[in-house]
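# Summary of the model geometry
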Amino acid sequence: MLVPSLTDEAGKVLTVSDWLSIGVTLASCDLSDLLLKPGLAVLQQLDNLAAYWDWPGELVLNALFIPNNAQGQCVIRSKYDGRILRFSYDEILLLIQQLNPEHVALPAYLLPLAAQAYPDIILKCVKYDLEHVNKPGQDALKGLMYASGDELDYLITDTKYAMDFSILDKACVCPACSDGFTRAYFHHLYVHTPLLCQRWLVMHNQYQVMVPKIIFPN
């Protein structure tokens, strides 16, 4: 199950309305991204995680990508200015408890402390793989289109699509395909208005990998 991320580069291309328009009601957010922006001080002022986006569905708070050091700290390097941010294990778990997401994915090093001191978090833990949640969106940002049926995935950036007036994917009913946009149109958009093109492509790719709602382990 690929649960889309709201906080990665591709996820931030879409609005909440965009996600809902393709049927996404379960999404994830990377805690390491949130600790960089908006930052710990802002997060501590939120009543819950959903309030940050006004998200009406369920959220998985993904802490799997937060590394730790030998001193027992969670460590994150900022992708904006290179600073090293350090947090205690309790600081991270207290924040997760306050944000109160429906589901949590914890790294193995946090599980013992959570089991001992934060049982409510353990009850929300999910065990499915969240390591490739960003792939459909990241592929879309590069112009790689997921195709359905017997067609093969293709790069909309290829010049052969510049005069291809066939629909993006005739078997797809995502917003982009339902509106009848052509491959030539998307090729033009990607070259001249990439942000707008990427918005449609992310929705298309994510729609292609949508499956029935995930079943969480007891």
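Everything here concerns the structure above.
Here we summarise the structure given alongside this text.

With 59 residues, the main nonpolar core has Leu31, Leu35, Trp55, Ile96, Leu106 and Ile156 as its most contacted residues. Excluding its chain neighbours within four sequence positions, the residues that come into contact with Leu106 are Ala63, Leu64, Leu93, Ile96, Leu111, Ala114, Ile121 and Cys125. Among the nonpolar cores identified, the runner-up in size contains 5 residues, and Val3, Leu26, Val60 and Val126 belong to it.

Of note, the bond from Lys37 into Pro38 is cis; its omega dihedral lies within 30 degrees of zero at 20°. In this fold, Pro38 is placed in helix α2 (residues 31–43). Non-glycine residue Asp54 carries a positive phi angle of around 60°. Topologically, Asp54 is positioned in the loop between α3 (50–53) and β2 (58–62). One non-glycine residue, Asn100, adopts positive backbone phi at about 50°. Mapped onto the elements of the fold, Asn100 is located in the loop between α4 (89–99) and β5 (103–105).

A few words on the pattern of salt bridges. Across all of its chains, the model carries 6 salt bridges by this definition. Residue Asp33 pairs with Lys79 through a salt bridge whose shortest N-O separation is 3.4 Å. Placement of the pair is Asp33 in helix α2 and Lys79 in the loop between β3 (73–77) and β4 (84–88), with a sequence separation of 46 residues. Judged by its relative accessible area of 15%, Asp33 falls in the buried class. Across the pair Asp139 and Lys135 runs a salt bridge whose closest N-O atoms are separated by 2.8 Å.

Definitions and limits used
Residues numbered from 1 in each chain as written. Predicted model: local features only at pLDDT ≥ 70, side-chain atom pairs only at ≥ 80, totals over all residues. Heavy atoms only, no water. Core = buried A, V, L, I, M, F, W, Y, C linked by side-chain atoms within 4.5 Å. Buried < 20%, exposed > 50% of the residue type's maximum accessible area, 1.4 Å probe, protein only. Contact = heavy atoms within 4.5 Å. Helix = DSSP H or I, 4+ residues; strand = E, 2+ residues; numbered from the N terminus. Salt bridge = Lys/Arg side-chain N within 4 Å of Asp/Glu carboxyl O.

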